[in-house]
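Structural characterization, general
Each chain, written out:
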Amino acid sequence: MSSDVRFTDFKSDKQPTWCPGCGDFGTMNGMMKALANTGNDPDNTFIVAGIGCSGKIGTYMHSYALHGVHGRALPVGTGVKLANPDLEVMVAGGDGDGYSIGAGHFVHAVRRNVDMSYIVMDNRIYGLTKGQASPTSRDDFETATTPEGPQQPPVNPLALALASGATFIAQSFSTDAQRHAEIVQEAIEHDGFGFVNVFSPCVTFNDVDTYDYFRDSLVDLAEEGHDPTDYDAAKNKILDASKEYQGVVWQSEKSIPYGEKRGLDTDMSRVDEGAPEGAMDLVREFY
Amino acid sequence: MPADFNWAIGGEAGDGIDSTGKIFAQALSRAGRHVFTSKDFASRIRGGYTAYKIRTSVDPVQSVVDRLDVLIALTPRTIEENLEELHEGSVIVYDGERTTMANVEIPDGMVGLDVPLKRLAEEAGGAIMRNVVALGAACEVTGFPIENLDSALEKRFASKGQALVDNNKEAARSGQDYVAEECDVDLGYELETTDSDYVLLNGDEAIGMGAIAAGCKFYAGYPITPATDVMEYLVGRIERFGGHVVQAEDELSAINMALGAARAGARSMTATSGPGIDLMTETFGLVATSETPLVIVDVMRSGPSTGMPTKQEQGDLNGLLYGGHGEIPRFVLAPTTISECFWKTVEAFNLAEKYQTPVYLVADLSMAVTEQTFTPETFDMDDVEVDRGKVVDEETLDEWQNEKGQFKPHAITDDGVSPRAFPGTVDGAHMSTGLEHDELGRRTEDTGMRVEQVDKRNRKVGTAREEETWDPREFGDPDSETLVISWGSNEGPMTEAIEMLAGEGIDLHFLSVPYIFPRPDLTDAVEAAERVVVVECNATGQFADIVEHDTLTRVDRINKYDGVRFNADELAAEIKATVAETEVTQ
Ligand SMILES: Cc1ncc(C[n+]2csc(CCOP(=O)(O)OP(=O)(O)O)c2C)c(N)n1
Ligand code: SF4
């Protein structure tokens, strides 16, 4: 790890193909800043990305990375981190990726509390497949596949995380560069699974949950004096559907990451040249 | 005395059939006898007929046969289920004091041994030990020294305290004494013991042991019959060698976790059965495209859908060979014996890493859940080799950089294999993806690069064909006019069938094929034979189709898909019939 890492070291020379104005630009910049600020460099960082416009993020960043299949980024990140605890692992994806096809993995990744961060670019729509309803779309949000709106309430990802036993829950707004980077940084620094739902507007397909909408409605929890270690206060904020919050909503002071609980502290990439010492004992057990 | 002795215990699921059978199998193995076990179990936890069968001999045994010499019947149904295998003089141990067993009729010519199992067990400390009383009775009937049973009981119960061990020994003694004093049976022979030391294990355990031997450090899986034993074996053992097991939330997660660990540089594995393979197939393509080494074990059971979860079948072969959208280079290894489950697992890891390709290791239920004895040297850990392939480090990495100093994890090479840099390697940072990509791993739809990458990945198979050996295992007489080919666990019964038929003057040439892809070229052997028979546990003859495709020759097929493995006598009879039939038509 070198001390003079700048956030641009995490930038690849690939030009993003996101629509001009897409919220994902800001989300990515904040992630890169947070990684650099926490003393990481591309060679010790592993980014796992989902599928969707959001999932392209791994391509535009520079680090060890895997761009996997739709919805399964969290298990990949889990495997990477458990196999090599020295790596900084960050998983990124969209709301469709994380809360629809990957919802099952989300619940279990939260429960497992592996020491990594999970950044969801929540644009409340499917961007890459050109504008269908996502699990966080409003119930009257009209799209080509839901002409009358989904007619089902949106998933509340923060509530899902809290109910699953999350140890760190935060929300940020991609265009509020400073706050967003700070919040992601806190997620990285958290001992355990750091979950950040990022409002990352889709300027092409979502004309409801826009920059203006978030700018007008966002309430910053830090400014409100919210104490993220107060579970009941966190629960109340999360269940309050009338407001959009930004900031760290909940952080458990008792979080023990999975790897620590299980005593996983070594890089598993090292393997002996033959069978490991003592392997013959495995055979003797069958006497 | 007969060359082999066949024993079984049967009752309802929940009666402790499995552990009782295992204790007796261990006692026999510890007494230097070869053992081959088989289980007949239903897909339920309580109720339903269950049996554990042991065939034992001083010579190696490879299969089950249609004969039972001693049967411990805990329910009347146990007798009904085994009527065909019982013969004149077979001994049936039962507890006539049990209401359900009070009126059982012992078939003509057989010896009923009414032992008050429950009462004796209670006197020794608890009704739960009634099966152990029965084992003691069996020792007396067969003249098998009960000290061997003691040592198996010690092994089984040692962790639960000496008192329990002693109670069990006492229970066994009471069974033995009862038969000695109250019953008049003479089988006319005694089970000999030898000084040989054998180990007794099943295929799932052999796979787990092979994985640890090969340096596997990470395993993620989701429980499914009959693959769960692999995970159960690894938990608690792999940790001793610096590894870890995760029980994932489903198979999609399991394979993705295993993939993540492999990307981090760990030797990594997952195991499942058919339904889980279906779920994993999506990620299988990603594993291949991102050129990640991964071992995926499929312990086949009867399908499709949930099929018959506790029954034998070899029906997944086409799925493993062709499953997944697009075209995916892969290796498919199929161990043919329990000991090969160990060695093929080791080989699977080496192939996966040398060629940076997913490897399917396919076993079947019969092999996975049955135990067999081996000499410990069969698993000589000194023979385990580890080949990690083209891993680059800080020093060697610059050979694989482009002019901008970027690492090329998917460099186009002659042998199709690119360099691997584990995360943490300075200047090796790169991206991998399931999207088609260039040498740097970045998405591309450039027609030229697409073709180059597809060719590169497929070239690995050609390289592996040349560099590795893909030979079949050969048995019998190479000059015979009848060639039998099989894969998977059919090898055991087949080798015994060969001996049986040789005794009748029918010589066979037998090739047991442990490699499904790539696989040996069987053309010469097929052309040299007058008739070719492919034996497999499925309805359509998936391997027979492959043989026909490869050799451009029609073959005969013996297929079994009733959920039960082949046994040696049955196979011998079927082959004999096929031989006779083709003689008539020729
Ligand atoms: C198994 C599978 N199903 C469907 C798709 C098609 N698909 C690609 S992206 C996407 C939705 C992405 O939505 P979201 O995660 O919200 O990301 P966004 O594009 O909005 O950033 C879908 C359904 C796929 N790639 N794989
Ligand atoms: S479609 Fe929407 S989410 Fe996708 S790049 Fe364009 S603005 Fe961003």
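Values in this document were obtained by computation on a predicted structure and should not be read as measured data. (Residues numbered from 1 in each chain as written. Chains lettered and ligands numbered in written order. Predicted model: local features only at pLDDT ≥ 70, side-chain atom pairs only at ≥ 80, totals over all residues. Heavy atoms only, no water.)

1. Considerations on the interface of chain B and chain A
Heads up, the condition is: Residue contacts follow a heavy-atom distance rule, with two residues in contact if any of their heavy atoms lie within 4.5 Å. A quick way to say it: buried area is the sum, across both parts, of accessible area lost when two parts are put together, with a 1.4 Å probe. By salt bridge we mean one thing: a side-chain nitrogen of Lys or Arg within 4 Å of a carboxyl oxygen of Asp or Glu. Polar contact is the term for a pair of N or O atoms within 3.5 Å; when the atoms are in protein, one must be able to donate a hydrogen and the other to accept it, and sequence-neighboring residues count only if both atoms are side-chain atoms. Per the convention used, a helix needs a DSSP run of H or I reaching at least four residues, while a strand needs a run of E reaching at least two, with both numbered from the N terminus. Throughout this entry, Asp, Glu, Lys and Arg are counted as charged residues, while Ala, Val, Leu, Ile, Met, Phe, Trp, Tyr, Cys and Pro are counted as nonpolar. The remaining residues, Gly among them, count as polar.
The partner chain A presents 53 residues to the 71 residues of chain B that form the contact. When chain B packs against chain A, the two sides together hide about 4900 Å² of surface, and 63% of this comes from carbon and sulfur. Where chain B touches chain A, the interface holds 6 salt bridges. Across the salt bridge formed by Glu249(B) and Arg112(A), the nearest N and O atoms sit 2.7 Å from each other. Taken together, the connections running from chain B to chain A amount to 28 residue pairs in polar contact (both at pLDDT 80 or more). Secondary-structure elements contributing two or more residues to the side of chain B that touches chain A are strand 7 (199-202), helix 7 (203-213), strand 8 (216-221), strand 9 (244-247), helix 9 (251-263), helix 10 (274-289) and strand 15 (431-433) of chain B. Sorting elements by how many residues they give to the side of chain B that touches chain A places helix 9 of chain B first, with 8 residues. Here the residues of the side of chain B that touches chain A are counted per class, giving 33 nonpolar, 19 polar and 19 charged.

2. Digging into empty space enclosed by the protein
A water-sized probe, rolled over the atoms, reveals where empty space remains. Residues and elements named next belong to chain B. Convention followed: Cavity and pocket criteria rest on a 1 Å grid covering protein atoms alone: a 1.4 Å probe that fits but cannot get out defines a cavity, protein on both sides within 12 Å along at least 5 of 7 lines defines an open pocket, and an atom within 4 Å of a point defines a lining residue. Grid points are joined across faces, edges and corners, and a volume is the space filled by probe spheres set on the points. Domain start and end points were adopted from an automatic or database domain assignment.
The full count for this structure, using the stated rule, is 4 cavities of 30 Å³ or more. Taken as a whole, the largest cavity encloses approximately 140 Å³ of empty space. Partitioning the lining of the largest cavity into residue classes produces 10 nonpolar, 4 polar and 3 charged. Residue contributions to the lining of the largest cavity reach at least three from each of two domains, namely domain 2 (201-383) and domain 3 (397-467).

3. What to know about the pairing of strand 6 (residues 194-199) of chain A
All names here are of chain A. Condition: A simple rule labels every residue: compare its accessible area, found with a 1.4 Å probe on the protein chains alone, to the largest value its type can have, and call it buried under 20%, exposed over 50%, or partly exposed in between. A pair of strands is labelled paired if DSSP reports no fewer than 2 bridges between them.
Burial within strand 6 is extensive, with 6 of its 6 residues counted as buried. Every second residue of strand 6 is oriented toward a common face, with Gly-194, Val-196 and Val-198 on one face and Phe-195, Asn-197 and Phe-199 on the other, all of them buried. Where strand 4 (residues 117-122) lies against strand 6, 6 bridges are found, and the strand directions are parallel. Following the sheet pairing, Ile-119 is matched in strand 6 by Val-196.

4. Describing the side chain of Ser54(A)
Residues and elements named next belong to chain A. Its location among the elements puts Ser-54 in the loop between strand 1 (45-49) and helix 2 (57-60). With a relative accessible area of 7%, Ser-54 lands in the buried category. Separated by 3.0 Å, the side chain of Ser-54 and the backbone nitrogen of Gly-94 make a polar contact. Discounting residues that sit within four places of it in the chain, Ser-54 has contacts with Trp-18, Asp-24, Gly-93, Gly-94 and Met-121.

5. Examining the site of ligand 2
For clarity, the threshold we go by: Nearness of a residue to a molecule or strand requires only that one of the residue's heavy atoms be within 4 Å of it.
Neighbouring residues of ligand 2: Trp18(A), Cys19(A), Cys22(A), Cys53(A), Asn123(A), Cys202(A), Val203(A), Thr204(A) and Phe205(A). Taken together, the residues of the shell around ligand 2 break down into 7 nonpolar, 2 polar and no charged.

6. Notes on the layout of surface pockets
All names here are of chain B. The computed volume of the largest pocket comes to approximately 930 Å³. Around the largest pocket, the lining is made up of 35 residues, and of these Asp-18, Lys-39, Asn-202, Asp-229 and Glu-232 lie nearest the centre. Elements that contribute at least two residues to the lining of the largest pocket include exactly helix 1 (17-30), strand 7, helix 7 and helix 8 (228-234). Looking at the lining of the largest pocket element by element, the count peaks at 5 residues for helix 1.

7. A look at the domain arrangement of chain B
Accessible area lost upon the coming together of the parts is a frequently used measure of interface size. Residues and elements named next belong to chain B. Per the domain assignment, the segments making up chain B are domain 1 (5-182), domain 2 (201-383), domain 3 (397-467) and domain 4 (473-585). Put simply, the middle of domain 1 and the middle of domain 2, counted by C-alpha atoms, are 33 Å apart. Counting residues at the interface gives 16 residues for domain 1, matched by 10 residues for domain 2. Carbon and sulfur atoms supply 46% of the area that domain 1 and domain 2 bury against each other, a total of about 1100 Å² over both sides. Here domain 1 and domain 2 share 3 salt bridges between them. With its nearest N and O atoms 3.2 Å apart, the salt bridge here joins Asp-40 to Lys-311. Scanning the region where domain 1 abuts domain 2 turns up 9 residue pairs in polar contact (both at pLDDT 80 or more). Broken down by secondary-structure element, the contributors of at least two residues to the side of domain 1 that touches domain 2 are helix 1 and strand 2 (34-40). The element that contributes the greatest number of residues to the side of domain 1 that touches domain 2 is strand 2, accounting for 7 residues.

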